[in-house]
Amino acid sequence: MTPHEYNKCVDLYADSIYRFAVKMLKDSELCHDIVQDTFEKLWMRVEEIAFEKTKSYLFTTVYHATIDLIRKKKRIGEDVGLERVTDSVTTVSPDLNEILQKGLSLLPEDQKSVILLRDYEGYTYEEIGSITGLSESQVKVYIYRARLFLKSYIGKIENVI
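Everything numeric here is computed off the predicted structure, so don't read it as measured data. (Residues numbered from 1 in each chain as written. Predicted model: local features only at pLDDT ≥ 70, side-chain atom pairs only at ≥ 80, totals over all residues. Heavy atoms only, no water.)

1. With respect to the packing of aromatic side chains
Within a pair of aromatic rings, the relevant descriptors are the distance that separates the centres and the angle that separates the planes. The following threshold applies: Aromatic rings from Phe, Tyr and Trp, with only the six-membered ring used for Trp, were paired whenever their centres fell within 6.5 Å, and each pair was classed as stacked if the ring planes differed by under 30 degrees, edge-to-face if by over 60, and tilted otherwise. Think of it this way: any DSSP run of H or I at least four residues long counts as a helix, any run of E at least two long counts as a strand, and we number them from the N terminus. Throughout, exposure labels follow a simple rule: accessible area from a 1.4 Å probe, protein chains only, divided by the maximum for the residue type, with under 20% read as buried, over 50% as exposed, and the rest as partly exposed. In our convention, an over-ring charge means Lys NZ or Arg CZ found within 6 Å of a ring centre and within 35 degrees of that ring's normal.
Tallying each qualifying case throughout the model produces 5 aromatic pairs. Judged by centre distance (4.9 Å) and plane angle (70°), the rings of Tyr-6 and Trp-43 are edge-to-face. Of the two residues, Tyr-6 sits in helix H1 (residues 3-25) while Trp-43 sits in helix H2 (residues 28-44), which places them 37 residues apart along the sequence. Trp-43 gets classed as partly exposed once you look at its relative accessible area, which sits at 41%. Positioned above the aromatic ring of Tyr-123 is the side chain of Lys-55, whose terminal nitrogen or guanidinium carbon lies 5.0 Å from the ring centre.

Laid out in structure tokens, this is it:
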């Protein structure tokens, strides 16, 4: 990959990998660091990685960095914003996006990451499998379970409108 192609990768993918990291961690400063580290890793391997494979490489690197950070914070007992709530939303709420974000924050990391990659970033099941290291069938299972949880969390549409 040439320096021009590297710069093009930064222009094309920096925003989307940042959005993905923010959805996972909810900490914008930390996500800026992760994105910076990701592009540094890409630069260190610029001669090894083909330009066509950079999007997958970047998302894979960000995925692993966010999962590692979540696991590290859980190990040392820091709050990572993943509190569990057993009740579904039953009151009228004017902001469906807010409810959806809360529901996403309650998902396990694997389910959350695959649903974000599929529904927010538009990756195929095969691409998500290569990014996360999961089989295509496991990706489908995680997406199904995440959607099922979100459906039960949000509840009836009448409760949201």
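2. Digging into the side chain of Ser-16
To be explicit about the condition: Counting of polar contacts relies on pairs of N or O atoms within 3.5 Å, with two restrictions inside protein: one atom must be capable of donating a hydrogen and the other of accepting it, and residues adjacent in sequence are counted only when both atoms are side-chain atoms. Should any heavy atoms of two residues lie within 4.5 Å, those residues are counted as being in contact.
Structurally, Ser-16 is set in helix H1. The class of Ser-16 is buried, set by a relative accessible area of 9%. Engagement of the side chain of Ser-16 in a polar contact is seen with the backbone oxygen of Tyr-13, the distance being 3.1 Å. Ser-16 has contacts with Phe-59 and Glu-121, leaving out every residue within four places of it along the chain.

3. A closer look at the nonpolar core
In plain terms, the rule: Within this scheme, the nonpolar core is defined by two criteria: the residues are buried Ala, Val, Leu, Ile, Met, Phe, Trp, Tyr or Cys, and they are joined through side-chain atoms within 4.5 Å. Each domain's limits were defined by an automated method or a database of domain assignments.
Of all hydrophobic cores here, the largest spans 40 residues; its most connected members are Phe-20, Phe-39 and Leu-42. Looking at this core, the elements that each hand over two or more residues are H1, H2, helix H3 (54-76), helix H5 (109-120), helix H6 (125-132) and helix H7 (136-154). A total of 9 residues in this core trace back to one element, the largest contributor, which is H1. Counting contributing residues per domain, this core is built from domain 1 (1-80) and domain 2 (91-160), each supplying no fewer than three. Beyond its immediate sequence surroundings of up to four residues, Phe-39 is in contact with Tyr-6, Cys-9, Val-10, Tyr-13, Ala-14, Ile-17 and Leu-58.

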